[in-house]
Amino acid sequence: MPSLIIGSDHAGFSLKEAIKPFLSEFNYETNDLGPHNEESVDYPDFAQKVSRLVADGEYNRGILICGTGIGMSMVANRYPEVRAALCNDLFSAIMCRRHNDANILVMGGRVIGIELAKEIVRAWITTPFEGGRHSDRLDKFCNCRNSE
Ligand code: RB5
């Protein structure tokens, strides 16, 4: 079974908690790296932990949520094996799978609501990578491609 790790900061905590039950609809073994309450934390700490687990192949995919999604995506994309996509809209969630084979989804808990977040997560989990020319393009900047 493919695996998914989710993490946030305090600003993404409530959206993380809200989408966790929804994740059980998909055929992924899912784990929550935290935080487990709304106390203030630093987004790089959680972005680094989730990104490292995906980069090392411990998990197939990751979801990161902070206030805007910007800080988390900046950190995650420092890992050569990570292709993190900041998606606060549905079209980006579909296209980051079709063309970019995004293995980490980033969202802004202060930007979008729960219903849109669920649709974004659904699209990101279920949309396949198209491969072909998009694969050649990823090979131009990715150290290690570990698509499912
Ligand atoms: C926390 O206040 C906020 O800066 C963080 O969640 C995120 O939006 C950073 O990019």
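Each value, and the rule that gives it
Counting restarts for each chain: residues are numbered from 1 in the order of the written sequence. Two thresholds apply to this predicted model, a pLDDT of at least 70 for residue-level local features and 80 or more for giving and counting side-chain atom pairs, whereas whole-chain, interface and lining totals are computed over all residues. To obtain the side-chain values, all non-hydrogen atoms of the structure were included, while hydrogens and water were left out. Helix and strand assignments follow DSSP, with helices taken as H or I runs no shorter than four residues and strands as E runs no shorter than two, numbered in order from the N terminus. Helices are assigned an expected span. That span is 1.5 Å times one less than the residue count. Residue burial is assigned from relative accessible area. The probe radius is 1.4 Å, only protein chains are included, and a residue is buried under 20% of its type maximum, exposed over 50%, and partly exposed in between. Think of the arc as the fan of directions from the helix axis to the C-beta atoms. In this analysis, two residues are considered to be in contact whenever any of their non-hydrogen atoms come within 4.5 Å of each other. One speaks of a salt bridge when a side-chain nitrogen belonging to Lys or Arg is within 4 Å of a carboxyl oxygen belonging to Asp or Glu. We call a set of buried Ala, Val, Leu, Ile, Met, Phe, Trp, Tyr and Cys residues a nonpolar core when their side-chain atoms join them within 4.5 Å.

Enquirer: What should I look at first to understand helix α2 (residues 43-55) in this one?
Expert: Since there are 3.6 residues in each turn of an α-helix, residues three or four apart along the chain are aligned in direction. An ideal rise of 1.5 Å per residue puts 18 Å on 13 residues; α2 measures up with 18 Å between its terminal C-alpha atoms. Among the residues of α2, those classed as buried are F46, A47, V50, S51, V54 and A55. Along α2, the residues classed as buried sweep out an arc of 160 degrees about the axis, all on the same side. As for α2, its buried residues are in contact with β1 (3-8), β2 (29-34), β3 (61-66), α3 (70-76) and β5 (104-108). In the stretch just after α2, G57 is the one whose phi turns positive, near 80 degrees.

Enquirer: Would you take a moment to explain the pattern of salt bridges for this structure?
Expert: Two side chains with opposite charge may pair up if their charged atoms get near one another. All chains considered together, the criterion is met by ten salt bridges. Between K16 and E17 there is a salt bridge, with its nearest N and O atoms 2.8 Å apart. Its relative accessible area of 30% is what places E17 among the partly exposed residues. In this structure, D56 and R52 form a salt bridge, with 3.0 Å as the shortest nitrogen-oxygen distance.

Enquirer: Sorry, what's going on with the environment of E25 here?
Expert: In this fold, E25 is placed in the loop between α1 (13-23) and β2. We classify E25 as exposed; its relative accessible area is 54%. Taking the C-alpha atoms as reference, E25 lies 9.3 Å from R122; in sequence the two are 97 residues apart.

Enquirer: Looking at this model, I keep getting lost on the nonpolar core. Mind explaining?
Expert: Inside soluble globular proteins, nonpolar side chains tend to come together where they are buried. Core analysis: the biggest nonpolar cluster contains 24 residues, and I19, I63, M107 and V121 have the highest contact counts within it. Breaking this core down by element, the ones donating at least two residues are β1, α1, β3, α4 (90-98), β5 and α5 (114-126). When residues of this core are assigned to their parent elements, the largest contribution, six residues, is made by α5. The residues contacting V121, other than those within four sequence positions of it, are I19, F22, L23, I63, L105 and M107. Core analysis: the second largest hydrophobic core is formed by 17 residues, I5, L64, M72 and A76 among them.

Everything listed here is a matter of geometry and, on its own, says nothing about what the molecule does.
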